[in-house]
Every structure is written in structure tokens, then in C-alpha cells.
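# Results of the structural survey
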Amino acid sequence: MAYYQRLGSVPGKRHTQHRNPDGGLYYEELMGEEGFSSDSSLLYHRGIPSQISDARAWDLGDLDTTPNHPLMPRHLKLHDLFEASSAGVDVVTGRRLVLGNGDVRISYAVADAPSPWYRNGIGDECVYVERGAARVETVFGAFDVAEGDYLVIPRATTHRWLPVTQGDQGYAEPLRAYCIEGNSHIAPPKRYLSRYGQLLEHAPYCERDLRPPQGPLLAEDIGAKPEEPTEVFIKHRGSGPDSTGGLVGTVYTYPFHPLDVVGWDGCLYPYAFNVADYMPITGKVHQPPPVHQVFEGSGFVICNFVPRKVDYHELSIPVPYYHSNVDSDEIMFYVDGDYEARKGSGIGKGSISVHPGGHAHGPQPGAYENSIGVHYFDELAVMIDTFRPLELGEAGRAVDDGKYAWSWVGGKRGGGGTDGGKGEVFTTS
Ligand SMILES: [Fe+2]
């Protein structure tokens, strides 16, 4: 984010001596984007940031992808990916690849275990918390995240996920994390920003809605020992197929605990944003998906469709017109809403629809007509549009219902996936 934050102890002048109580120096680290030409922060470490005492390979698991060929719209049922009884899954090593291309990977995890310390050396991550809650500790400070939160984590930010498990703090559901990994930075759309980076009046959210990291910053604040040797799992570039970005992993051992930053300041840091703080833009006639955009990365955009009043022209049709987004694949993650209206369509909470470029898509039969006169849609969905085609990861292949493609013809092929004309009024895509 392009607005300045400061936490902990920093010297009055950058790049000058900053001493600890014993008279020794803290070690300054500039963490900056695009060389030295974009947003950055200065972090003051107790230990030398480059000090590693061991390195070993980290097997990232199955990241192979399969092209969407023959070209099919698809329905992926994410809630079938993890057994209710599965335990010991963490958000970092347990996430399973649903879809991916050379720009972005979408993974999913139902987690109840603490993750290892981790940083993504390839790009920013945007993790959407579908259900449950977690504490996320980072070198910039900590977050308490819960249902509806996006957490945007800049590339190379060392952090870990600590799910709030069932019974703790009243959360009945495990942490469900929808993980969007860019091969680039993830930020608000440029058109929402002033020339100097402030969110503009027409943007559907503003700085006041963004939560920066809070303390504590240091190992002893979380009950750890500062001198504790600690492993950090690093995802980074390697050789391999372009569709997975050529990913590999390495585990570094540091001779000290990663929470050793006594202070930092700057414009680069993780932040949280809750989808309930997104103020939807509505219109007299149907508004196109870009009005629902929340973030963007290189080669993809992230939009959210939130509960809202809908089109108020006297002859409006509130559901979308059929559309060919000829330059992109579009995937919709259905989080919440009134699903009675689309009973039998196959799509439900936890579903992903994949609408690929080259295929015109829109409402299921009956929905077009049934939406007339509707004034409000109670729905919540997160959409990602990519400009390169998405391929299916192992998790996507595992929970593909195999019949969604035929849902517009009344179930004549494949034997399901339609509501027989009652119509889904899910509007978004
Ligand atoms: Fe669409």
C-alpha cells in the first residue's frame, strides 16, 4: 500500500545508526518492490537478515496442471477436498492446487494446525478467509483474521498461520482459506488510486477500511526465545513447466527466531480488508464485473460480489446478460447467499464455477426471466479473471462434478446440474 505506516522503534533518520540497549547496532533491511523504484519499507533487525546456517530442499507437492481441454465450463466442489476428520493440515504446506497458470495459482486449505514460518519468494499472496479464524504473525506485526477477511501479504514477507481451532474463541468451524498466489504484486486497481496512491472517492473502499499489522513484533512477545534456531520455508522460482511457474521450495535455518524486527516504517507491508467493508456500486441497469473489482495482479483481477440492491430501471433484467469474456477465464468462488433460488443448479456454498474464454456464459435457464422484479441479491462470491488460460491442478481435477457444462440444456446430457427451469438467480457471472 502506498500510505505510510510505522511500528516499533526506528531511528530518526533513515540509514543511520540505530542501537540496542547494549550499544550494539540493529541491522537495517530495505524491503522494496521493482528494484528500488516502487514501494518499500525499512526494517530494523536484531540479527543479520542474510544469516542462514542451513538449507535443504522443500518438496512442494503436486503442482502439475492439466489443460482445460476439451474446453469445458466446470463446477469444482471445494468442500469435498478435505475430510471433516482430517487433522494436522496447515495453510502453507497443506494447501492444494485447484487452478493455475503462469500468472496466478489458486489453492485451498481447511486447516487446523499451525503452519511453519514461511515466505513466498515468487509474488504476493492474497488469502481469503472463507470460514473460521486465525492469528497470522509476520515480521511486520500480527493480524487476527476471520471470515470475510482478505489478507494481502507482500512477496518475501516471513509469516505463519495459526488457525483458531474449534472451541477456541467460539469458532465452530475450521479455518477455510482460499489462497491466491500471484507471480506479481497484488494491489488495488490503478484506476482507484490518485497519481500519488490515495484511494479515490469513486473506489468502493478506502484506507480507513484497511487494517495494518499490529504488535507484537518480537519472539519473546509470543513466548519464544530470540536465540531459537528456526526454519523458514521459502517458495521460489525453479525449473519446470510454465503453467506452475516453475516452483520449488527451500527450507532455510536461521540461527535466531524470525520475529527479530524491533521496528519498521514505510509503505510496503501486509494488510487485511474485510469483504463486508466493500461498498458495492450499483446502477439503473446491470453493472459489469469491473465495478466489483477489489484487487489486481499481473495477468489477473480479483472481484467480489457482495449483498446489494440491484438494477432499478423499470424494465431491467437484474441477472447478467450472456457474455463472452473473450480475453479471459473467469472463476467464481461462491461463499454465501440465498441458494434456495437456485436449488438444483449444482452450484452451492464452496463451489467454484470455471467459465473459460471461448465459451459464452450466463444464467442458467429460467433465471433470466425469474430475476425480473427482484430488487436485492443476497450473495457473496469472490471472482478471479485471468488473461492466460487456467489449467486444472490436482485438487481441481479431484472435485470436478463433470456435468456442469450441460446445465444450460436442462440436464439432457450428464443427467444433472440443472434446476429444470426454476432458474438460478445468482447474478454475478
Ligand atoms: Fe461472467
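Calculation rules
Residues numbered from 1 in each chain as written. Predicted model: local features only at pLDDT ≥ 70, side-chain atom pairs only at ≥ 80, totals over all residues. Heavy atoms only, no water. Helix = DSSP H or I, 4+ residues; strand = E, 2+ residues; numbered from the N terminus. Contact = heavy atoms within 4.5 Å. Polar contact = N/O pair within 3.5 Å; in protein donor to acceptor, adjacent residues only side chain to side chain. Buried < 20%, exposed > 50% of the residue type's maximum accessible area, 1.4 Å probe, protein only. Salt bridge = Lys/Arg side-chain N within 4 Å of Asp/Glu carboxyl O.

## Focus: the environment of Thr-157
- By the element assignment, Thr-157 lies in the loop between strand E12 (149–153) and strand E13 (159–163).
- A C-alpha to C-alpha distance of 7.0 Å links Thr-157 and Thr-138, two positions 19 residues apart in sequence.
- If we ignore the near neighbours within four places in the chain, the residues touching Thr-157 are Met-31, Tyr-118, Arg-119, Thr-138, Phe-140 and Pro-270.
- There is a polar contact of 2.8 Å between the side chain of Thr-157 and the backbone oxygen of Pro-154.

## Quick look at the environment of Ile-186
- Looking at the secondary structure, you find Ile-186 in the loop between strand E14 (175–182) and strand E15 (230–237).
- The class for Ile-186 is buried, based on a relative accessible area of 4%.
- Distance from Ile-186 to Ser-298, taken between C-alpha atoms, is 7.8 Å for residues 112 residues apart in sequence.
- In this structure Ile-186 touches Asp-124, Glu-125, Cys-126, Val-152, Ile-180, Tyr-271, Phe-295, Glu-296, Phe-300 and Ile-302, once residues within four positions along its chain are discounted.

## Details of the pattern of salt bridges
- Scanning the entire structure with this criterion turns up 16 salt bridges.
- Between Glu-147 and Arg-131 there is a salt bridge; the shortest N-O distance is 3.8 Å. Of the two residues, Glu-147 sits in the loop between strand E11 (141–146) and E12 while Arg-131 sits in strand E9 (residues 125–131), which places them 16 residues apart along the sequence.
- Since its relative accessible area comes to 41%, Glu-147 is described here as partly exposed.
- The salt bridge partner of Lys-349 is Asp-336, with a shortest N-O separation of 3.4 Å. Taken together, the residues Lys-349 in the loop between strand E22 (329–337) and strand E23 (351–355) and Asp-336 in strand E22 connect sequence positions 13 residues apart.

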